[in-house]
Amino acid sequence: MLAPLPTPTPASQGEPSLALPRSFWKDFAKRHWDREAAVFKQPFGNRAPTTGQIYEALLDAGERVRRGEYTLPLRFFIEHEEGPDGLPYYSMLMSLSNHMPRPEDGGVEGYLARLDELLGGKRFGIVFNRLQMYQWTHWQQLSSFLTGLYDAVGVPLGNNESCVFFGNYRYTPFGIHKDNSHAFNLVVEGKKTYSLWPFEMLASREEVPKDPSLIHRPYSLFMKDKAEEKEVLSRATFIEASAGDVAYWPVSFWHRAEPTQGLNISISVSACASPPMFTSMAPPLEWPSTLRSSDLPGKKSWQVPAAVRSALRQRGQRKALLAAERESTIEWVRCLTARAVDAAPPEAQEAPLTPTEWIRAHPERPIVCVPLPGKQLLVSAIGRSTTLPSPPPLRRRVERLVSALNAGKPLQVEALEAAFFSRLPTRAFKREAFRALLDDLVRWRAVRRCPPPGRKSR
């Protein structure tokens, strides 16, 4: 199960990157994908995520908690050893204000010391889902990692995200279980030992539903006592991964993290081949579960993939159904411009553009224009979008603007505005709306400020 060491790929344009060579993914798809577990030793070299980066993300999450912001992706478990029949159990804190990192902790060591006092020495575990939604650098890392997977096996569309596991807990707080996604575990600090079972090995247990689809759905097992746990563990395969390593197991595998010493930090990357969550709010249709990597927005002109268009067309022509088709189209385009990563990255906090500034887009994360029912035009990038009126003259100008930006070259704001409004009827589109569109693209991180051509940035 020990996989070969790939040659790291340099970061694209100086961005944080976890990209791996095509040869690595080709071998992975042939030997491991949906077949067997594996451990990849130090695949990222010095580009691997660090303890400091994860701590900063948790510190930011703690500040959000104390400001009263939405905290559903964050769970804090306390381990209790005095469980029935010798098995530990876990309680989950609902109020996290005191238990997440604070600026005055001064770092990981100070935070752990304060927690040890707060918890009376009990072990703990933090599970922080959708890290890419809160940290732009991690969104870039996750997207670069998944791009290689997409090229090799297709684009899973269900729930491609990352989740931080941080703590000194002995066992996975939710016990032996399986997920609805393939799992890549990037170990950041410490050593992780995982127990694994192929689906068939534990599927005959009395409490497991006799449902063939369960092989691709989440489920947890309940151990009655220590003797039963020992018997189940006797049939497990164990893999070990140290800091910098990546462990993989298929969607069908049951698994649990086993006891190790000290602080352990890992990032779990999920790749889920089921329809995206937003499709559950629409009438049942045959939505695609995977796409080809070439179906994602790229350097060439792009349109919604045929498999998605086919499902959207089934909504009919009545007004209410057209509204449903429009909303579903918007969700699909956001999903695909985010490169099928669950949730857009955090918005940039920047001042409005001035006419003399220069901007450029990233050619590998293109902005797209998609016509919508009701004579509207959707402009979308990196999981976000806005809807514009779409009379033919305006639509053509917006498409030309987006095409110019997607070339990836430096462009001056006032020159873009002058070209856009040349011979355009005064009432067709307001200049304030044009500037707001450019500011949206900056805020979405689809466009960034840059120096004029020939002048290097400092």
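All values derive from a computational prediction rather than experimental measurement. (Residues numbered from 1 in each chain as written. Predicted model: local features only at pLDDT ≥ 70, side-chain atom pairs only at ≥ 80, totals over all residues. Heavy atoms only, no water.)

### Focus: the overall build of the protein
Defined as follows: Only DSSP runs of H or I covering at least 4 residues are called helices, and only runs of E covering at least 2 are called strands; the numbering of each starts at the N terminus. Here the globule rule reads 2.2 Å times residues to the power 0.38, and the radius of gyration is calculated from C-alpha atoms. Residue exposure (1.4 Å probe, protein chains only): buried if accessible area is under 20% of the type maximum, exposed if over 50%, otherwise partly exposed. Working rule for contacts: check all heavy atoms of both residues, and any pair within 4.5 Å makes them a contact.
The helix and strand inventory of the protein stands at 11 helices and 22 strands. A globule of 458 residues ought to have a C-alpha radius of gyration of about 23 Å, and the protein, at 24 Å, matches this closely. The principal-axis extent of the C-alpha atoms belonging to the protein is close to 80 × 50 × 45 Å. Expressed as a percentage of its 458 residues, the buried residues of the protein come to 52%. Within the protein, contacts between residues separated by at least 24 positions form 79% of all contacts whose residues are at least 6 apart in sequence.

### Quick notes on the pattern of salt bridges
What counts, and what does not: By definition here, a salt bridge exists when the distance from a side-chain nitrogen of Lys or Arg to a carboxyl oxygen of Asp or Glu is within 4 Å.
Considering all chains together, one arrives at 29 salt bridges under this definition. Note that Lys226 and Glu229 form a salt bridge whose closest N and O atoms lie 3.2 Å from each other. With Lys226 and Glu229 both in helix H6 (residues 226-233) and three residues apart, the pair spans about one turn of that helix. Asp295 serves as the salt-bridge partner of Arg292, at 3.2 Å between the closest nitrogen and oxygen. Looking at Asp295, the relative accessible area reads 14%, which means it is buried. Residues participating in the shared-partner salt-bridge network are Asp60, Arg64, Arg67 and Glu69.

### A word on the packing of aromatic side chains
Let me state the cut-off plainly: Stacked, edge-to-face and tilted are the three classes for Phe, Tyr and Trp ring pairs, Trp counted by its six-membered ring, which pair at centre distances within 6.5 Å; planes under 30 degrees apart are stacked, over 60 edge-to-face, the rest tilted. Charge-over-ring contacts are defined here by two conditions on Lys NZ or Arg CZ: a distance within 6 Å of the ring centre and an angle within 35 degrees of the ring normal.
Enumeration according to the criterion identifies 29 aromatic pairs in this entry. Ring centres 5.6 Å apart and planes at 15° place the aromatic pair Phe76 and Phe124 in the stacked group. Of the two residues, Phe76 sits in strand S3 (residues 74-80) while Phe124 sits in strand S5 (residues 124-129), which places them 48 residues apart along the sequence. The buried category is assigned to Phe76, whose relative accessible area is 0%. Measuring from ring centre to ring centre gives 5.6 Å for Trp287 and Trp332, while their planes differ by 35°; the resulting arrangement is tilted. One end of the pair, Trp287, is in the loop between strand S15 (264-271) and strand S16 (290-291); the other, Trp332, is in helix H8 (residues 319-337), with 45 residues separating them in the sequence. Residue classification places Trp332 among the buried positions, given a relative accessible area of 1%. Members of the aromatic cluster, joined through ring pairs, are Phe24, Trp25, Phe28, Trp33, Phe40, Phe44, Phe145, Phe184 and Tyr248. Directly above the aromatic system of Phe421 lies the positively charged group of Arg431, at a separation of 4.4 Å from the ring centroid.

### What about the environment of Asn168?
Under the convention used in this document: Side-chain atoms alone can form a polar contact between residues adjacent in sequence; in general such a contact is a pair of N or O atoms within 3.5 Å, and within protein one must be able to donate a hydrogen while the other accepts it.
Inspection of the secondary structure assignment puts Asn168 in the loop between strand S7 (161-167) and strand S8 (177-178). Residue classification places Asn168 among the partly exposed positions, given a relative accessible area of 23%. Separated by 42 residues in the primary sequence, Asn168 and Ile126 have C-alpha atoms spaced 9.4 Å apart. In this structure, Asn168 is in contact with Arg123, Phe124 and Gly262, ignoring residues within four places of it in sequence. Of note is the side chain of Asn168, whose polar atom sits 2.9 Å from the backbone nitrogen of Phe124.

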